Amino acid sequence: MRMPLRLMLDLDRHIREKRRAGERYFPLVLMLEPLHACNLACLGCGRIVEYKETIRDQMPLEEALSAADEAQAPIVSICGGEPLIYKHIVPLTQGLIERRRHVQICTNALLLERFVRQVEPSVYLSFNVHIDGMRETHDRVVARQGVFDTCVRMIQMLKDKGYRVQTNTTVYRETGAGEIEELIRFLARLGVDGMLLTPGYHYQVLGNDIYLRKEEMPYKFERVRDLADRYRIINTPIYLDYLVGKRDLLCSPWTTVTRNPQGWKGPCYLITNGHYKTLKEMHDATDWEFYRTKQDPRCRDCKLHSGFEGTVALDFGSNLKDSWRMVRHYVA
Ligand code: SF4
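Every value quoted in this text rests on a predicted model; they were computed, and no experiment measured them. (Residues numbered from 1 in each chain as written. Predicted model: local features only at pLDDT ≥ 70, side-chain atom pairs only at ≥ 80, totals over all residues.)

S.K.: Looking at this model, I keep getting lost on the overall build of the protein chain. Mind explaining?
M.R.: In terms of regular secondary structure, the protein chain is built from 14 helices and nine strands. By the compact-globule yardstick of 20 Å for 332 residues, the protein chain fits well, its C-alpha radius of gyration being 18 Å. For the protein chain, the spread of C-alpha atoms along the three principal axes comes to 50 × 45 × 40 Å. Relative to its full complement of 332 residues, the protein chain shows a buried share of 42%. At a minimum sequence separation of 6, the contacts of the protein chain that also span at least 24 residues come to 75%. (Helix = DSSP H or I, 4+ residues; strand = E, 2+ residues; numbered from the N terminus. Rg over C-alpha atoms; globule rule 2.2 N^0.38 Å. Buried ≥ 20, exposed ≤ 12 C-beta atoms within 10 Å, placed from the backbone. Contact = placed C-beta atoms within 7 Å.)

Right, here's the structure in full:
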């Protein structure tokens, strides 16, 4: 299976419980950024620019755990910055696993050896290793030679030790469709459990022009969509249809909420109107229907997976054909 069965069942149960309670806007995924510091300075990273004044801040452990309690999301993605630099990363991971949250550690892989000596494999734990292309491309994007080779070595180590490993690939304007295919085949040979491929986020704080425009996405993602039947690509088929322009989707930014040392970042992972003390404050300050219907000019070129995969998850079951496609995709 491309995704752990337990994760899919927990997600489904969570959605049903929230709906029974009459809630409409609730998180499925918490993006927990306990710090923004990183041991790399990647070209496409908005976080180290947006938060450069507070780059040394680290969230107290109790605050990170209570953010997970507040969000109640079944999936907690620990990101940043580089989460393995966070001084409480081991107790945070253990605390979330004890709460039966599905923890995904989004990492550049450089500090993995130290971490795995302290945290055992678990059905609730997976690693999302950032890898943006084959050796030359990835090392250029992360602005350091040798990182690609380290990622490969770390993926092999994680697999040997029995951890679940996914990869997270950002596709930029310069990434060729041929290289994307080469990377997918290469990662499949490494035995990764899942591959997520998404268009580069157009962070409002970055002025560079490395991101895909909406009209450039179909060409880059057509091949990914074709290969999704044969390889363990974890983007949903519905979202891939959206990326290649075969259908439209509304956005559900409330399904993936972001908490960092400054507070709850709203309205979404990508754009920032403010940071709020509580999730309720963020909800009260945000017109979700405005963002759902992509009316903000900053939504123009956005097909961010966290907004649109949330829509796919919430719509599951409402269309028999789509639901059957999803089931076939994930049990393959
Ligand atoms: S379309 Fe993109 S920028 Fe707009 S709310 Fe959704 S995720 Fe955020």
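Anyway, onward from the coordinates.
S.K.: How should the packing of helix α8 (residues 177-190) against helix α9 (residues 217-227) be read in this particular structure?
M.R.: Helix-helix packing is characterised by the crossing angle of the two axes and by the distance between the axes. Here α8 crosses α9 at 30°, and the two axes come no closer than 9 Å. In this view, α8 runs roughly parallel relative to α9, as classed from their interaxial angle. Pair α8 / α9 crosses with right-handed handedness. Between α8 and α9, the residues in contact are Ala177, Ile180, Glu181 and Ile184 and Tyr219, Lys220, Arg223, Val224 and Leu227, respectively. The residue makeup of the contact of α8 with α9, split by class, is six nonpolar, no polar and three charged. (Axes fitted to C-alpha atoms, helices over the stretch in contact; angles between N-to-C directions. Parallel < 35°, antiparallel > 145°, perpendicular 65-115°, else oblique. Left-handed = near helix turned anticlockwise from the far one by under 90°. Nonpolar A, V, L, I, M, F, W, Y, C, P; charged D, E, K, R; others polar.)

S.K.: Where do I start with the pairing of strand β7 (residues 256-260) in this structure?
M.R.: Side-chain direction in a regular strand flips from residue to residue, so the side chains alternate between the two faces of the sheet. Of all five residues in β7, five are buried; the element is thus mostly enclosed. In β7, alternate side chains face the same way, and those of Thr256, Thr258 and Asn260 on one face and Val257 and Arg259 on the other are all buried. Alignment of strand β1 (residues 29-32) against β7, held across four bridges, turns out to be parallel. Within the sheet, the bridge partner assigned to Leu30 lies in β7 and is Val257. Linking two consecutive strands that pair antiparallel, namely β7 and strand β8 (residues 263-267), is a turn of two residues. (Pairing = 2+ DSSP bridges.)

S.K.: Where do I start with the site of the ligand in this structure?
M.R.: Taken together, 14 residues form the shell around the ligand, and within it Cys251, Cys268, Cys299, Cys302 and Gly307 come nearest. Residues belonging to the shell around the ligand are distributed by class as follows: ten nonpolar, one polar and three charged. (Near = placed C-beta within 6 Å.)

S.K.: It is not clear to me how the environment of Gly307 should be interpreted in this structure. Could you clarify?
M.R.: Tracing the chain through its elements places Gly307 in helix α13 (residues 305-315). Put simply, Gly307 and Val192 are 115 residues apart on the chain and 25 Å apart in space, counted from C-alpha to C-alpha. Sequence-distant contacts of Gly307, that is, excluding residues within four places in its chain, are made with Cys251, Ser252, Pro253, Thr256 and Cys268.

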